[in-house]
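An overview of the molecular structure
The lines below spell out each chain.
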Amino acid sequence: QVQLAESGGGLVQAGGSLRLSCAASVSIFRIDAMGWYRQAPGKQRESVARITSGGSINYLDSVKGRFTISRDNAKNTVYLQMNSLRSEDKGVYYCNADVVLPCRWYSDTYWGQGTQVTVSP
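First, a word on scope: everything that follows refers to the structure included in this document.

A count of helices and strands for the protein chain gives zero helices and eleven strands. Along the protein chain, from the amino end to the carboxyl end, the secondary structure elements read β-β-β-β-β-β-β-β-β-β-β. In terms of C-alpha radius of gyration, the protein chain reaches 14 Å, essentially the compact-globule figure of 14 Å for 121 residues. Across its three principal axes, the protein chain shows a C-alpha extent of roughly 50 × 25 × 25 Å.

Structure follows, in structure tokens:
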């Protein structure tokens, strides 16, 4: 059983900042990669940032230099620091985690419920 709980979303003015957190309860699984996706109304869900267990990081081009993803493996938590927010950043942000069983014969992907980010003029 895997559960992901996001927090930190809210309403912010353009140019402001938010910090998203996602705490994972993974039971018997081991967490591999974790990341953040977002989906705006009428648009396809897109990957915003992703970090592997080894520390390799990928960002969506439009957020490079503004967003920072990090993780605390001891707490099974991933963070997304979002600075210089723009209207285009609005949407529902979903935490994502790829997990494997200790024997590694099975892997799966889990999603959080999502947290709303609204950017006002």
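Structure's up, so let's keep going.
Further remarks concern the environment of Ser84. Structurally, Ser84 can be placed in the loop between strand E8 (77-82) and strand E9 (91-100). In sequence terms Ser84 and Ser47 are 37 residues apart; their C-alpha atoms lie 19 Å from each other. The residues touching Ser84, leaving out its near neighbours within four places in the chain, are Gly15, Gly16, Ser17, Arg66 and Asp89.

This next bit is on the pattern of salt bridges. A complete count under the given rule lists six salt bridges for this structure. Between Asp61 and Lys64 there is a salt bridge whose closest N-O contact spans 3.1 Å. The network of salt bridges with shared partners includes Arg38, Glu46, Arg66 and Asp89.

Trp36, Phe67, Val78, Leu80, Met82 and Tyr93 are the most contacted members of the largest nonpolar core, which has 30 residues in total. Ignoring sequence-local partners within four residues, the contact set of Met82 consists of Gly16, Ser17, Leu18, Leu20, Arg66, Phe67, Tyr93 and Val117.

With that settled, consider the sheet that holds strand E3 (residues 18-25). Spatially, E1-E3-E8-E7 is the arrangement adopted by the four strands of the open sheet, whose pairing is antiparallel. The sheet is open, and its two borders are formed by strand E1 (3-7) and strand E7 (67-72), each paired with just one other strand. Across this sheet, the average inter-strand angle for adjacent strands is 15°, counted without regard to direction. In this sheet, E8 lies alongside E7 in antiparallel orientation, the contact comprising six bridges.

The subject of this paragraph is the side chain of Arg50. Structurally, the position occupied by Arg50 is in strand E5 (residues 46-51). A polar contact of 2.8 Å, which involves the side chain of Arg50, links it to the side chain of Asn96. Setting aside chain neighbours within four positions, we find Arg50 in contact with Ala33, Met34, Gly35, Tyr37, Ser56, Ile57, Asn58, Ile69, Asn96 and Asp98.

Another point: the side chain of Arg38. Along the polypeptide, Arg38 turns up in strand E4 (residues 30-39). On the basis of relative accessible area, Arg38 is assigned to the buried category, the value being 4%. A distance of 3.0 Å separates a polar atom in the side chain of Arg38 from a polar atom in the side chain of Asp89. Arg38 has contacts with Gln44, Arg45, Glu46, Val48, Leu60, Ser62, Val63, Phe67, Glu88, Asp89, Val92 and Tyr93, leaving out every residue within four places of it along the chain.

Calculation rules
Residues numbered from 1 in each chain as written. Predicted model: local features only at pLDDT ≥ 70, side-chain atom pairs only at ≥ 80, totals over all residues. Heavy atoms only, no water. Helix = DSSP H or I, 4+ residues; strand = E, 2+ residues; numbered from the N terminus. Rg over C-alpha atoms; globule rule 2.2 N^0.38 Å. Contact = heavy atoms within 4.5 Å. Salt bridge = Lys/Arg side-chain N within 4 Å of Asp/Glu carboxyl O. Core = buried A, V, L, I, M, F, W, Y, C linked by side-chain atoms within 4.5 Å. Buried < 20%, exposed > 50% of the residue type's maximum accessible area, 1.4 Å probe, protein only. Pairing = 2+ DSSP bridges. Axes fitted to C-alpha atoms, helices over the stretch in contact; angles between N-to-C directions. Polar contact = N/O pair within 3.5 Å; in protein donor to acceptor, adjacent residues only side chain to side chain.

Purely spatial values, then, with no claim about function.
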